[in-house]
Protein chains: 4
Amino acid sequence: MSQSSFGKKFVVTTWGESHGKALGAVVDGCPAGLSLEEKDIQAFLDRRRPGQSRYTTPRKEGDEVEILSGVFEGKTTGTPISLMIRNTDQRSRDYGNIAYSYRPGHADYTYDQKYGLRDYRGGGRSSGRETTGRVAAGAIAAKLLKELGITFCTYTRSIGPVSASVFCKKEIPNNAFYMPDANAAAKAGEYLEQCMKNHDSAGGVIECRIQGTPAGLGDPVFGKLDAELAKAIMSIGAVKAVEIGDGIQVASLNGSTDNDGFCVKDGNVCKTSNHAGGIMGGMSDGSEIILRAHIKPTPSISQPQHTITKGGEEFDMIIHGRHDPVIVPRAVVVVESMAALTITDALFSNMSARLDRILDFYSR
Amino acid sequence: MSQSSFGKKFVVTTWGESHGKALGAVVDGCPAGLSLEEKDIQAFLDRRRPGQSRYTTPRKEGDEVEILSGVFEGKTTGTPISLMIRNTDQRSRDYGNIAYSYRPGHADYTYDQKYGLRDYRGGGRSSGRETTGRVAAGAIAAKLLKELGITFCTYTRSIGPVSASVFCKKEIPNNAFYMPDANAAAKAGEYLEQCMKNHDSAGGVIECRIQGTPAGLGDPVFGKLDAELAKAIMSIGAVKAVEIGDGIQVASLNGSTDNDGFCVKDGNVCKTSNHAGGIMGGMSDGSEIILRAHIKPTPSISQPQHTITKGGEEFDMIIHGRHDPVIVPRAVVVVESMAALTITDALFSNMSARLDRILDFYSR
Amino acid sequence: MSQSSFGKKFVVTTWGESHGKALGAVVDGCPAGLSLEEKDIQAFLDRRRPGQSRYTTPRKEGDEVEILSGVFEGKTTGTPISLMIRNTDQRSRDYGNIAYSYRPGHADYTYDQKYGLRDYRGGGRSSGRETTGRVAAGAIAAKLLKELGITFCTYTRSIGPVSASVFCKKEIPNNAFYMPDANAAAKAGEYLEQCMKNHDSAGGVIECRIQGTPAGLGDPVFGKLDAELAKAIMSIGAVKAVEIGDGIQVASLNGSTDNDGFCVKDGNVCKTSNHAGGIMGGMSDGSEIILRAHIKPTPSISQPQHTITKGGEEFDMIIHGRHDPVIVPRAVVVVESMAALTITDALFSNMSARLDRILDFYSR
Amino acid sequence: MSQSSFGKKFVVTTWGESHGKALGAVVDGCPAGLSLEEKDIQAFLDRRRPGQSRYTTPRKEGDEVEILSGVFEGKTTGTPISLMIRNTDQRSRDYGNIAYSYRPGHADYTYDQKYGLRDYRGGGRSSGRETTGRVAAGAIAAKLLKELGITFCTYTRSIGPVSASVFCKKEIPNNAFYMPDANAAAKAGEYLEQCMKNHDSAGGVIECRIQGTPAGLGDPVFGKLDAELAKAIMSIGAVKAVEIGDGIQVASLNGSTDNDGFCVKDGNVCKTSNHAGGIMGGMSDGSEIILRAHIKPTPSISQPQHTITKGGEEFDMIIHGRHDPVIVPRAVVVVESMAALTITDALFSNMSARLDRILDFYSR
């Protein structure tokens, strides 16, 4: 299993460095017959593109995707879909500091420890640009899921100390933070202005809700659906905690308040509550799947920070350059993409769980 | 990849149902030459054995492990180690309610949805007894890691609303909850008494600290060490949230407070803080790895709960039987086991990261 | 992926040494709802049991299988099926020679080189007894495939220089060699008598024909169905060559004779010949799949052979004990088992190849 | 595991269709620190490039490789190496016949059966051009192995009925067929002239010898080194049989002639013969590894062949276009590449087999 691959049946392999020639992804295991064009993918990439507001880096990353294989006459063929995004904004500049010393909060030190060398230009493979491939692949997964009636609603729940206190779905695309609460978004903006003035940065929380998943997805032991989602989400650069359903709150609840009862509504099995966030014993229960990602503040800040050179000399480093004061808004689509990849994979893996359904499948 | 397997190089495959003939695990990829006896494994199993205090189920589960293969003359041979634990306390009784209806907070419904049928005796494969195999395998991983100087300190941080406020390592094994704070443990006991009186249950938080890991473990994209740990921990039955380092707190911190600076101490690279919990960019940085698991209250409670039969008839179910009012203390060793499996796997996977080290390895 | 596992969706993990406590297999990914009892598996194991004729070792290996998990009320539950076969004929004896020196044609030397130590009793994990777990798992796969109308015909094509020259299916179970030709079987018997008189051993060729596979199984690049079959068959201890369809003959054919034309018969697509052995471009074409395994002579022979001790001292070794003069007859069911495992895995993996079928599957 | 991926630790994922925009491969798990430039890869690609003699297709396939990621300042960085080869000779033409009917000996029918549609231009993904990605990746593996002292000698053993009868290593690159026998090469040329005159094609046999592998590579059960090699080689389009060492001959040998004895030479353990082809019990024994691939005649021939349309109408098809009368010479480097990938993967997987070596590795 490639270290840079995700999934068992619907497999994405990403490649590329921030300032290399290009970045991309190979999506293998996409079923034949899905209508797919570059603009389907571009729409997702545009959601993570920088320069959309004064709270994201003004770097211009064209992020134009090219489909190199796996699509014929507008349909996927079942063979690997190769996606490439050429890097365009590769300013030649002096990386001296970054090349020979370790930025706090970054992966410079651990890359050097693991590999003995690193592509230091723009963070290389540890750059947030690595998520480009994930988002491109996620767009395909999301399109495929939509055909099955599975949809996503992903948004920012908080920026620093400012949390959304109302949920208005329509509001989400209307503010720079993808928050479902216009008031909170305004306050988040004020908070970020203050951070920027202080040469500092902020984190936040992203929530993802998934509707329409059939019951029974996920494998009940190590491959629990929540375990796979946790891995998927925690594999996004700056995520430091993942919650499912009531998440950390469950630790202080009682069984009588945490348990979701069952009932029947219009002939369908329903739950009387959804503390579990749509997953029971590692398998989807047919209700809404809810997860949250806790994202750390952007590590690149323009105030002096204590660190060392590769040679072990201590000094106060100042990082120059164009950095997002908060990465949360741009990470919203990354969280959604990773969730979409996970659900797609679980859907395909689940197809051989029952003999009667296998017999039915092959007798058609 | 088997649904019931965990790991890429050090792979454990578990099997068995709560009330079947036996449970067990096959550990493949354990290197040859490790001294191993049944008592090494038994010591770990005893930490999760029920009946240790009035706050765990009084069920007797002998949990005696038998090594069936892979060990010769007291040493592992590099071939699969098969471990079996016979089920002994299989009381024959009426499972009527559980067989034909869905317990709230349990996996009965999702198992039926996925598989069309289930072994309902004692929860079958969704029982907490499934973790026996994980712990047996974890014991081997932990013994191996100890040879490399990697050790674990795992304990209960909170039970319901009661949190440890001091950290005394020696205290951990001295109370029924594995809390590092005797006072908090006493209060947790009082809280649980109240829960039991109310026919209710409680959850809690487990923290695991890992010392001695070399820097560079983990793969930098999808196979980040924190992502693998998140999957490992979230795959434990009742876990609903996983945190690494400062976890959920990072979302409200600023970059200037969250970033860990670097310094040099006695000639070694150190960090001036450890908000990251020992993992940067998905790779270990050589400092202590810190993670937390948030565990939901035991779903089996003896007060009436609203639910339905398989046929869709609503009713109020009362669950009889011998259940833990809290599973947190018994889950401590499960968290440690899953962490040990993850670290061992990362250690082995990491060995081919650098050409110079490969050349060195094969030139001996 | 465990080194001792086979398959992606229908995964078997085997464990155990020849003279350890037990051998076994864990079958994970078997769909729920298959009727399964121990006798289904026993029937397969009996086909590889020694002592069936004077041409197989007179060792008694009870080979009684016990199902430890994964089956409830006579049906598979979708959870791992743990199978165990206790070793019963573990005579305590002196293994001196084998423990400290290297038998020609055996894996003693390579085990020591890889692991630094080995369980030398009866060949340990490199013993033919390792195939017990494969056959137990293969029995389940074959039962499952039968429900889908997929059947196997596996037989001995040659023993040493003696080849079957007619094909009579009924004859196969009637002779000690599973040959489809009574005359050839008689001659093979005579040949083996001569080998035994000479303290020597013989090899042979096994052919496996698979009927009823739907077209489209197998993945077209690295996971070609013939590639997976080649791996499966070559992973059986003594196999040194694998052929598909016309196999080695194709190298000297012309395209005009090797190509299979297409035609229509009773409304179904057929081929005018089957040189390809049922696989085109790595995918099944719906016609009979044909493969052959070339098996080397039993390496354990009771005439002196030149070899060395672990210490590097040369000497002439004489191997005592009860050995098959030919392993081909007992390997017939092993070849069939590995083929059955491969086809089952391919069937399950194939289910997500087309969007229309996925939509159909999930809309039911 | 992606269907288009090969390997566990050194993983190559290929993508691309014959007449799409480009083809390529992503190589993940290549250790950091290997010197690598495009010309290292180009040298391998040139060995499979068409148009080198009158016996290969005159199509011009530029096959110029571009490294898009994973290399920095001339060294691999440990991150995925993305390789792309743009398709240049994409003549726009009428594919009518191929689009709506099934060429004998090709994968047209099975692709349609599996996926419901296919990219028919030039065979799409089933084209021999798919091997471009394998060869590009194989070049990297071979370069890496050379640093470890592992080298390959791969050549054509026979073309149709013409076999090499002497072995002269120097002669291999001197003839159009890569045969180690100039006489045989001349006769092979004559034979092919005759085939071409008859509008027919030929097959052949490729042999690969691998020197310098340490003992102990390969996993002893399902992941035997010969099993992995068999899979690797059989996954090449036209291969119908794979042999290791004496291969099919072993079936008619006796144990006394097939067994390789051990001896000591200049203080090193040696074998007195190498019938096993360097692999015992699935693990390398330190002697030369020998394998053979049997390759079918090119299926595209310009004489009428009976087949059907997608609609089921029978007709005699004539295939036009530029086709190799034999693909064996161009497949030599493909066999070598697949062998190199397999050996590299086995080398890396083997590193955690012994505790003493792990302790040594991590104590440096």
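Up top is the structure.
Model, not experiment: these values are computed from the prediction.

Q: Got a minute to help me understand the overall build of chain A in this structure?
A: A tally of helices and strands in chain A yields nine helices and 18 strands. For chain A, the C-alpha atoms occupy an extent of roughly 65 × 50 × 40 Å along the three principal directions. Sequence-distant contacts, at least 24 apart, represent 68% of the contacts inside chain A between residues at least 6 apart. Put simply, chain A shows about 11,500 Å² of open surface, and 48% of that area lies on carbon and sulfur atoms. Both charge centroids of chain A, one from 42 positive and one from 42 negative side chains, sit 2 Å from each other.

Q: Honestly, the interface of chain C and chain D in this entry has me stumped. Any pointers?
A: A common way to express how large an interface is: the accessible area buried when the components associate. Of the residues lining the interface, 100 residues belong to chain C; the matching set on chain D comes to 101 residues. For the pairing of chain C and chain D, the buried interface totals around 7,800 Å² over both sides, and the portion due to carbon and sulfur atoms is 61%. It is F222(C), K240(C) and F262(C) in chain C that bury the most area against chain D; as a group they hold 12% of the surface buried on that side. Joining chain C to chain D, the criterion identifies four salt bridges. With a closest N to O distance of 3.1 Å, E228(C) and K231(D) form a salt bridge. Scanning the region where chain C abuts chain D turns up 37 residue pairs in polar contact (both at pLDDT 80 or more). Looking at the side of chain C that touches chain D, the element that brings in the most residues is helix α3 (residues 108-115) of chain C, giving seven residues.

Q: Sorry if this is basic, but what is going on with the environment of K170(C) here?
A: Looking at where K170(C) falls in the secondary structure, it is placed in the loop between β9 (162-163) and α5 (182-197). Separated by 103 residues in the primary sequence, K170(C) and S273(C) have C-alpha atoms spaced 24 Å apart.

Q: I tried to follow the interface of chain A and chain B on my own but got confused; where do I start?
A: On the chain B side, the residues contacting the 101 residues of chain A number 100 residues. Note on chain A versus chain B: buried area summed over both sides is about 7,800 Å², and carbon and sulfur give 61% of it. Where chain A packs against chain B, one counts four salt bridges. Viewed at the interface, chain B and chain A are joined by 37 residue pairs in polar contact (both at pLDDT 80 or more). Per-element tally for the side of chain A that touches chain B: the top contributor is helix α3 (residues 108-115) of chain A, with seven residues.

Q: Please explain the packing of aromatic side chains as it appears in this structure.
A: Within this structure, the stated rule accounts for 36 aromatic pairs over all chains. Residues Y102(B) and Y109(B) carry aromatic rings whose centres are separated by 5.2 Å and whose planes lie at 75° to one another, so their mutual orientation is edge-to-face. In this structure Y102(B) comes out as buried when scored by relative accessible area, which is 5%. In this structure Y109(B) comes out as buried when scored by relative accessible area, which is 8%. An aromatic cluster of three or more residues is present, and its members are Y102(A), Y109(A) and F262(B).

Q: It is not clear to me how the pairing of strand β17 (residues 305-308) of chain A should be interpreted in this structure. Could you clarify?
A: Both faces of the sheet carry side chains from a regular strand, because those side chains alternate between them. All names here are of chain A. Strand direction decides the pairing type here: β17 and strand β18 (residues 314-317), joined by four bridges, are antiparallel. Residue pairing in the sheet places H306 in a bridge with D316 of β18. Joining the antiparallel neighbours β17 and β18 is a turn of five residues, in which G312 adopts a positive phi near 95°.

Q: Would you explain helix α4 (residues 131-147) of chain B in this entry?
A: Structurally, the α-helix is built with 3.6 residues per turn, so residues lying three or four positions apart point the same way. Residue and element names in this part refer to chain B. Here α4 is 17 residues long and its end C-alpha atoms lie 24 Å apart, about the 24 Å a rise of 1.5 Å per residue gives. Extensive coverage of α4 is indicated by the burial of 14 of its 17 residues. Looking one or two residues beyond α4, the residue adopting positive phi is G149, at roughly 85°.

Q: When you look at the pattern of salt bridges in this model, what are you seeing that I'm missing?
A: Two side chains carrying opposite charge are able to pair once their charged atoms lie near each other. This structure, assessed with the given rule, holds 104 salt bridges over all chains. With a closest N to O distance of 3.2 Å, D324(A) and R330(A) form a salt bridge. Overall, D324(A) belongs to the buried group, its relative accessible area being 7%. Its relative accessible area of 9% is what places R330(A) among the buried residues. Residue E336(B) is joined to R47(B) by a salt bridge in which the shortest nitrogen-to-oxygen separation is 3.2 Å.

Q: Even after reading the chapter, I still don't get the pairing of strand β16 (residues 289-295) of chain B, so can you show me in this structure?
A: All names here are of chain B. Most of β16 sits inside the fold, with seven of its seven residues counted as buried. The two faces of β16 match: I289, L291, A293 and I295 on one face and I290, R292 and H294 on the other face are all buried. In this sheet, β16 lies alongside strand β10 (residues 204-211) in antiparallel orientation, the contact comprising seven bridges. When the bridges of β16 are listed, R209 appears paired with I290. The sheet contact formed by strand β11 (residues 239-244) and β16 spans five bridges and is antiparallel. When the sheet's bridge partners are listed, A241 is paired in β16 with H294.

Q: How should I be thinking about the environment of I98(C) in this particular structure?
A: Mapped onto the elements of the fold, I98(C) is located in helix α2 (residues 96-100). A C-alpha to C-alpha distance of 39 Å links I98(C) and G70(C), two positions 28 residues apart in sequence.

Q: Just to check I follow, could you spell out the packing of helix α1 (residues 38-48) of chain D against helix α4 (residues 131-147) of chain D for this structure?
A: Each packed pair of helices is defined by two parameters, the angle between the axes and the distance between the axes. Residues and elements named next belong to chain D. Packing of α1 against α4 brings their axes to within 8 Å, and their N-to-C directions diverge by 135°. In this view, α1 runs oblique relative to α4, as classed from their interaxial angle. Our pair here, α1 against α4, has a crossing hand that is right-handed. Contacts from D40, I41, F44, L45 and R48 in α1 reach T131, T132, V135, A136, G138, A139, I140, A142 and K143 in α4. Here the contact of α1 with α4 is built from residues that sort into eight nonpolar, three polar and three charged.

Each value, and the rule that gives it
Residues numbered from 1 in each chain as written. Chains lettered and ligands numbered in written order. Predicted model: local features only at pLDDT ≥ 70, side-chain atom pairs only at ≥ 80, totals over all residues. Heavy atoms only, no water. Helix = DSSP H or I, 4+ residues; strand = E, 2+ residues; numbered from the N terminus. Contact = heavy atoms within 4.5 Å. Areas by Shrake-Rupley, 256 points an atom, 1.4 Å probe, with all protein chains shown as cover. Lys, Arg positive; Asp, Glu negative; His and termini not counted. Charge placed at Lys NZ, Arg CZ, Asp CG, Glu CD. Buried area = accessible area lost by both parts, 1.4 Å probe. Salt bridge = Lys/Arg side-chain N within 4 Å of Asp/Glu carboxyl O. Polar contact = N/O pair within 3.5 Å; in protein donor to acceptor, adjacent residues only side chain to side chain. Phe/Tyr/Trp six-rings, centres within 6.5 Å; stacked < 30°, edge-to-face > 60°. Buried < 20%, exposed > 50% of the residue type's maximum accessible area, 1.4 Å probe, protein only. Pairing = 2+ DSSP bridges. Expected span 1.5 Å × (residues − 1). Axes fitted to C-alpha atoms, helices over the stretch in contact; angles between N-to-C directions. Parallel < 35°, antiparallel > 145°, perpendicular 65-115°, else oblique. Left-handed = near helix turned anticlockwise from the far one by under 90°. Nonpolar A, V, L, I, M, F, W, Y, C, P; charged D, E, K, R; others polar.

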